[in-house]
There are 2 protein chains.
Amino acid sequence: MKKIVIQPVLSQPMVPLYFGDNLLEGALLRDLCQELQGQVVIVADHAVNDPYGMVLAQRLHAELFTMPSGEQMKTRQTQEALENALFKMGCGRDTILIALGGGSTTDLVGFVASIYLRGVSLILIPTTLLGMVDASIGGKTAIDTPFGKNLLGTIYHPKAIIADPQLLKTLPKTEWLNGLAEVLKIGLIYDSSIWPLAQQGGGDDTLIFKAIQGKIAIIEQDPVEKGVRRILNFGHTIGHALETMARYAMPHGLAVAIGCVAEAHLSMQLGYLPKEEFEQILGAFAPFSLRLPPHYTRHNLFKTMLYDKKSVAGKVRCVLIDRIGHALPFEGQYCRVITEKEWEPTCAWMEKTCG
Amino acid sequence: MKKIVIQPVLSQPMVPLYFGDNLLEGALLRDLCQELQGQVVIVADHAVNDPYGMVLAQRLHAELFTMPSGEQMKTRQTQEALENALFKMGCGRDTILIALGGGSTTDLVGFVASIYLRGVSLILIPTTLLGMVDASIGGKTAIDTPFGKNLLGTIYHPKAIIADPQLLKTLPKTEWLNGLAEVLKIGLIYDSSIWPLAQQGGGDDTLIFKAIQGKIAIIEQDPVEKGVRRILNFGHTIGHALETMARYAMPHGLAVAIGCVAEAHLSMQLGYLPKEEFEQILGAFAPFSLRLPPHYTRHNLFKTMLYDKKSVAGKVRCVLIDRIGHALPFEGQYCRVITEKEWEPTCAWMEKTCG
C-alpha cells in the first residue's frame, strides 16, 4: 500500500490517500472509522453495492444506503432522498459517510456530507477509473440541475480517500475509456511519462498512480483555482460544451477525448504544438470512437462555450499545450482567449474527423 | 458609524461589520459592490421589500428577488426557487448576493450563496433585532427540513455585514421580543453588563452593540464550534425542541425565552446556579408570555431533543450557567450530559409555569 498525504489548503488538515490492491479487505477502513468515532453509513451505488457495499456494511456494522449510479442521478431528488434517509436513521454530527461508487456518487455524497448538520466526516472510495484519478481528488462536490452540470456544490475535503485499483478489474471497457481520457489529459498537460504507459496498455497500476499524483501536484499548487489549476480544464472547453449539447447523454470521457484532440489541434494550428506531437496524440486517442453528438452544430458549440467557467467578459478562453506533458502558462493565466476565427479551422477539422 | 472587523478563522479573510444609523442611504453599499465587481442581486423578504428592497435595487441597478419572511419559509422549496431564479438571470461566479431581511432570510440566502456555483459573494443586511445580534454573525447558514431546524447548512462568511439599528425603529413589539431573548442569553452566558441595560428598556443602540460584540467575542475564540462556542446554545436545547414540536409556528425568541428560563432552572436544580439569580432571570423574562406549544408532551420533548446537534451517542447534552454572565466550562466541553431523570423536575416546573 502506498500513502500520499494531500495538503489541499495550507491551513486545513491533510487528506491521506491510500493506494493499493484489496484495501477494502484489510483493517484500514475499520481503523479509520475507529479513529473518527461515530455512526458509519455506507452510500453505495447500484453498480457496486453487490457485493462490495453489502460486504463492507456487514464488516463495519454500518448502515447501508444504495442509490442509482451515473450522472443522470446526480440530482436534487437523489440528494434529498439521501438526506432524509440519514435523518430517519437518526444520524448526528458524529456520522461517518462512506461514499462507494463512481464519480457521480462521490460528488453527490460529498455534497451531502458537507451540508448535513453543516458537515460530517466523509471517506471516499472511488470504484471507477474516472472517480479514482479525477472526481475524488481536490475536494470538489456537486450536484447537477436542469440548468447545467455541477452548478450546486461546495469545496469539502474528505478524511481519507481509498483508491484500490483491484476494484477496476471488472470495470466494463466503456467505463475504463471514460477514465482513460482524464489520464491521457494529465499526460498531455503535466506528465509526459504517463504517455508511453497509456499506450502500452499494460502497467495499469503505475498509470493510475501517476495520474493521481499528477492531479494532486496541480491542485496543491493552486487550491483556489486562480492559476495553474486551470490546466486541468484542457479538453474541457470543447468537452463540456459537447456534453451540454448532448444533455449529458454522452459519457464525460468521450466528450473529454474529443475535446483533447480538438484542443491539441488548436494548439498546433496556432503554432504552439509541433505537427508530429499532434499526430502522436491523435493516435493515442484511437481506442475512443470519436463521434460528435447528434445535436452538434458549430453555432451551438460557440454559444455553449460562452457558459464555460473560464469565460470572462463574453470571451471564450482555452488551455493550450506546446508539447506532450506541458501546458502553456500565458503569464499565470494558463489559458488564452480564442476568437471565433481562431476556432474555425479546428472546428472544421473536428467535424470532418468526428462527424 | 462603527466598524468591527471579525476574524472568523485565522486563515480566512476578515469580515467587516458596519454598525450605525441610516447606513443604507450612504455610499457604503455602493462602494462595497464596486469593490467586489459583479452582478448584484438583492434578495429581500416581504417584510422589508417595500420600501427598502425596491429602493436599494434601483439605487444599485440590481436585480431583485423577493421571498416570504419567517422560519416557515426557510425550506428546500424556497431555496430551490431562489437558485432557479439566479440560473434564469444568468448569474455567474461574479454574482454578489445581498440578503435583506430577518434571520430566516439571511440564513437561507447565505446557504444559497455558499453552494451556488460552489460559492458567490454575499452581503448581509439584517433587518430584525434577532438577525442583527444573532443570525447574521458567525457565518452559519441553514435551512430547515421536516425533521428539524437548521439541519442543512454550511459555514460561509459574508464579505460584509451592515447593521443599521434605525431599521429596527418600526419593528413590531413581538419581533423586538424575538430578538431580545437572544440579547438576554448573551447576558446570561457571557456579559452581565447587558443585564441592567436590557431591564432599563432604554439605550437600545448600546444594548444591540454589546450583544453583537459578545457574540463576536465568543465565535472568534472557537471558529469551528469545538468548545466555548457551544455556550451560544444556552436555552436552545429545549428551545429548538419546542420550535420543532410547534412546527416553527412558534417564534424563535419565545422558544429561546422558555428555553433560557428552563435551562436556568436546570442549572439551579443541579446545584450550579443560586436560587436568587434564577429568580432574577425569571423576572427578566417577564415581558415574554411563556407558553408551551399546543403539541407539547414530555415524551415528545425527549424524543425531539435527541436530534439536537450537541447530542452525542444518543445522549442529550445541555449548556449550564453558574451565575448571570457565566456558562460552565465542563473541561472544555461547555455542555453536560443530562439524563431523563435530571430533566424531569425541570420539565415538571416548566409545564406548571408555562402550561
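1. Side note on the environment of B:Val224
All names here are of chain B. Relative to the helices and strands, valine 224 resides in the loop between α8 (204–221) and α9 (236–245). On the basis of relative accessible area, valine 224 is assigned to the exposed category, the value being 56%. In sequence terms valine 224 and isoleucine 155 are 69 residues apart; their C-alpha atoms lie 8.8 Å from each other.

2. Some words on the sheet that holds strand β3 (residues 40–45) of chain B
All names here are of chain B. A sheet is described by the order of its strands in space; here 7 strands give the open sequence β1-β2-β9-β6-β5-β3-β4, paired in mixed fashion. Pairing within the sheet leaves two strands with one partner each, and these edge strands are β1 (2–6) and β4 (63–67). For this sheet the average axis-to-axis angle between neighbouring strands, irrespective of direction, equals 15°. For strand β6 (residues 121–126) and strand β9 (residues 160–163), the ladder comprises 2 bridges, and the chain directions are parallel. By the bridge assignment, leucine 124 is partnered in β9 with isoleucine 161. Against the sheet, helix α3 (residues 76–88) makes contact with β3, β4 and β5 (96–101), and its axis sits at roughly 165° relative to β4, the strand it touches most. Contacts from α8 reach β1, β2 (15–19) and β9, with the element oriented near 15° to β1.

3. Thoughts on the side chain of A:Asp134
Residues and elements named next belong to chain A. Residue placement: aspartate 134 occurs in helix α5 (residues 129–135). Classification of aspartate 134 by relative accessible area gives buried; the value is 16%. Residues contacting aspartate 134, with those up to four places away along its chain left out, are Glu182 and Lys215.

4. Focus: the interface of chain A and chain B
Taken together, the contact between chain A and chain B spans 28 residues of the former and 29 residues of the latter. Between chain A and chain B the total buried area reaches about 2600 Å² when both faces are included, carbon and sulfur atoms providing 58% of it. Counting the surface chain A buries against chain B, the share from its top three residues, A:Phe87, A:Arg118 and A:Phe147, is 28%. At the junction of chain A with chain B, the criterion picks out 4 salt bridges. A salt bridge links B:Arg76 to A:Glu80; the nearest nitrogen and oxygen atoms lie 3.3 Å apart. Elements that contribute at least two residues to the side of chain A that touches chain B include exactly α3 (76–88), α4 (103–115) and β8 (148–152) of chain A. Among the elements that line the side of chain A that touches chain B, the one with the most residues is α3(A), at 6 residues. By residue class, the composition of the side of chain A that touches chain B is 10 nonpolar, 9 polar and 9 charged.

5. A short note on the packing of aromatic side chains
Taken as a whole and assessed by the stated rule, the structure comprises 12 aromatic pairs over all chains. With 5.0 Å between their ring centres and 25° between their planes, A:Phe147 and B:Phe87 make a pair best called stacked. One end of the pair, A:Phe147, is in the loop between β7 (143–145) and β8; the other, B:Phe87, is in helix α3, on a second chain. The exposure class of A:Phe147 is partly exposed, given its relative accessible area of 37%. Relative to B:Phe330, the ring of B:Tyr272 lies with its centre 5.7 Å away and its plane at 85°, an arrangement referred to as edge-to-face. Taken together, the positions of B:Tyr272 in the loop between α10 (252–269) and α11 (275–284) and B:Phe330 in the loop between β12 (326–327) and β13 (336–337) put the pair 58 residues apart, joining distant regions of the chain. An aromatic cluster is built from A:Phe87, A:Tyr116 and B:Phe147, whose rings are joined through pairwise contacts. The ring of B:Phe209 carries B:Lys2 above its face, with NZ or CZ at 4.2 Å from the centroid.

6. Some details on the side chain of A:Asp191
Residue and element names in this part refer to chain A. Structurally, aspartate 191 is set in the loop between α6 (173–189) and α7 (194–200). No salt bridge is formed by the buried aspartate 191; its nearest oppositely charged neighbour, lysine 210, is found at 4.2 Å. The contact partners of aspartate 191, leaving out residues within four places of it in the chain, are Ile186, Lys210 and Gly325.

7. Concerning the sheet that holds strand β4 (residues 63–67) of chain A
Residues and elements named next belong to chain A. With mixed pairing, 7 strands are arranged side by side in an open sheet as β1-β2-β9-β6-β5-β3-β4. Strands with a single pairing partner mark the edges of an open sheet, and in this sheet they are β1 (2–6) and β4. Recorded for the sheet is a direction-independent mean angle of 20° between the axes of neighbouring strands. The strands touched by helix α1 (residues 28–36) are β2 (15–19), β3 (40–45), β5 (96–101), β6 (121–126) and β9 (160–163); relative to β6, the strand with the most contacts, the crossing angle is about 165°. The strands that helix α2 (residues 46–60) touches are β3, β4, β5 and β6; relative to β3, the one it contacts most, it runs at about 165°.

8. Side note on the relation of the copies chain A and chain B
When chain A is brought onto chain B, the operation consists of a screw motion whose angular component is 177° and whose axial shift is 0.4 Å, with 0.7 Å RMSD remaining. Within this description, the copies of the chain are treated as partners about a two-fold rotation axis. Looking at chain A, 93% of its interface residues are interface residues in chain B too, so the copies touch through the same face.

9. Some points on the environment of A:Leu130
All names here are of chain A. With respect to the helices, strands and loops of the structure, leucine 130 is situated in helix α5. Given a relative accessible area of 13%, leucine 130 falls into the buried group. Sequence spacing of leucine 130 and leucine 177 is 47 residues, and the spatial spacing of their C-alpha atoms is 8.8 Å. Not counting residues within four places of it along the chain, the set of residues in contact with leucine 130 comprises Ala135, Asn178, Gly179, Glu182 and His252.

10. Re the confidence of the model for chain A
Detailed reading of the predicted coordinates is not advisable wherever pLDDT is low. Summary statistics for chain A give a mean pLDDT of 93 and a share of 98% for residues scoring 70 or more. On the interface metric, ipTM, the complex scores 0.92, and its pTM is 0.92.

Cut-off values and rules
- Residues numbered from 1 in each chain as written.
- Chains lettered and ligands numbered in written order.
- Predicted model: local features only at pLDDT ≥ 70, side-chain atom pairs only at ≥ 80, totals over all residues.
- Heavy atoms only, no water.
- Helix = DSSP H or I, 4+ residues; strand = E, 2+ residues; numbered from the N terminus.
- Buried < 20%, exposed > 50% of the residue type's maximum accessible area, 1.4 Å probe, protein only.
- Pairing = 2+ DSSP bridges.
- Axes fitted to C-alpha atoms, helices over the stretch in contact; angles between N-to-C directions.
- Contact = heavy atoms within 4.5 Å.
- Buried area = accessible area lost by both parts, 1.4 Å probe.
- Salt bridge = Lys/Arg side-chain N within 4 Å of Asp/Glu carboxyl O.
- Nonpolar A, V, L, I, M, F, W, Y, C, P; charged D, E, K, R; others polar.
- Phe/Tyr/Trp six-rings, centres within 6.5 Å; stacked < 30°, edge-to-face > 60°.
- Lys NZ or Arg CZ within 6 Å of the ring centre and 35° of its normal.
- Lys, Arg positive; Asp, Glu negative; His and termini not counted.
- Least-squares fit on C-alpha atoms with pLDDT ≥ 70 in both.
- pLDDT = per-residue confidence, 0-100.

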